[in-house]
Amino acid sequence: MFKQLFWRPFLALLVLTASVNALAIDQDWEEAKAVVEETTEKMLVLMSDQSLLSANNKDRLETEIQNIVTPVIDFYGFGRGVMGRFARTATEDELQRFAGILKTTLVRTYSIAVSDFSVASYRIVPPRASSPRPELQVVNVVMTSSAGQTFNILYYMRKDEDRWMLVNVMVEGINLRLTFQNQFADMYQRARSVSGVIDGWEERVASTIAQVVKDVEG
């Protein structure tokens, strides 16, 4: 009887603690989701502007996309991830320079997607389980094109102080950061220096972006 009286409040405390922790973790996902949702809505508004999709307005389209994605993408962290092991020997100047070039690369990737895809609707799928690391969240967005095709997109978000930032994205199983990371390693074998890879990054990766879009389209 004494054991039952002792353990019941203890178990109740454990359940309460677990519930509070789950609530906190769910709140983290909700915050990350809100950032993805707001950014997605802005992109859809942009895609609905037919005047931006003409070849004459390519620069304007890229500028509009840059204004939307810059506040929510950690280009510096994304760049370090793309460099992989080579980031350990890169100078701060090289890291900053690559972040800037990668920003241009990603903006152009988005502009290709905006020009080629017509999105009819999207939905955000709740996670099956809470993230073991609350500061890292994955937001799953399923987009449906006007042609009825569905595309599964995973946005990997990390909380940096009070801001949720995108650090990677996977489209239909294609891991963009890993794809770029493999490209960086291959280019390094030829250039034999981080600076050499950075110098040739935009031109070489253009074909990779085109291939990613082709793979997604099926």
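Criteria and cut-off values
Residues numbered from 1 in each chain as written. Predicted model: local features only at pLDDT ≥ 70, side-chain atom pairs only at ≥ 80, totals over all residues. Heavy atoms only, no water. Helix = DSSP H or I, 4+ residues; strand = E, 2+ residues; numbered from the N terminus. Expected span 1.5 Å × (residues − 1). Polar contact = N/O pair within 3.5 Å; in protein donor to acceptor, adjacent residues only side chain to side chain. Buried < 20%, exposed > 50% of the residue type's maximum accessible area, 1.4 Å probe, protein only. Contact = heavy atoms within 4.5 Å. Salt bridge = Lys/Arg side-chain N within 4 Å of Asp/Glu carboxyl O. Pairing = 2+ DSSP bridges.

## Digging into helix α5 (residues 176-191)
Moving on, step 1. Compared with the 22 Å implied by 1.5 Å per residue over 16 residues, the 22 Å span of α5 between its first and last C-alpha is a close match.
Moving on, step 2. If you check the start of α5, you find a side-chain oxygen 3.2 Å away from the backbone N of arginine 177, and it comes from asparagine 175.
Moving on, step 3. Positive backbone phi, at 65°, marks arginine 192, one or two positions downstream of α5.

## Re the environment of arginine 123
Moving on, step 1. In this fold, arginine 123 is placed in strand β1 (residues 119-125).
Moving on, step 2. When its relative accessible area of 52% is taken as the criterion, arginine 123 is described as exposed.
Moving on, step 3. Between the C-alpha atoms of arginine 123 and threonine 144, which are 21 residues apart in sequence, the distance is 8.7 Å.
Moving on, step 4. Excluding residues that lie within four positions of it along the chain, arginine 123 makes contacts with Asn140, Val141 and Val142.

## Observations regarding the pattern of salt bridges
Moving on, step 1. Taken as a whole and assessed by the stated rule, the structure comprises 9 salt bridges.
Moving on, step 2. The residue arginine 133 makes a salt bridge to glutamate 135 at a minimum N-O spacing of 2.9 Å.

## Section: the sheet that holds β1
Moving on, step 1. Taking strand neighbours across the sheet as the criterion, the 5 strands line up as β1-β2-β3-β4-β5 in an open arrangement whose pairing is antiparallel. A strand with exactly one partner marks an edge of an open sheet, and here the two such strands are β1 and β5 (174-175).
Moving on, step 2. Two elements, strand β2 (residues 136-145) and strand β3 (residues 150-160), share 9 bridges in a ladder whose sense is antiparallel. Note on β3: the bridge partner recorded for methionine 143 is phenylalanine 151.

## Brief notes about the environment of isoleucine 73
Moving on, step 1. Topologically, isoleucine 73 is positioned in the loop between α2 (58-69) and α3 (75-83).
Moving on, step 2. The exposure class of isoleucine 73 is buried, given its relative accessible area of 4%.
Moving on, step 3. Sequence separation of isoleucine 73 and leucine 166 is 93 residues, and the distance between their C-alpha atoms is 4.6 Å.
Moving on, step 4. When residues no more than four places from it in sequence are discounted, the contact partners of isoleucine 73 are Leu106, Tyr110, Met165 and Leu166.

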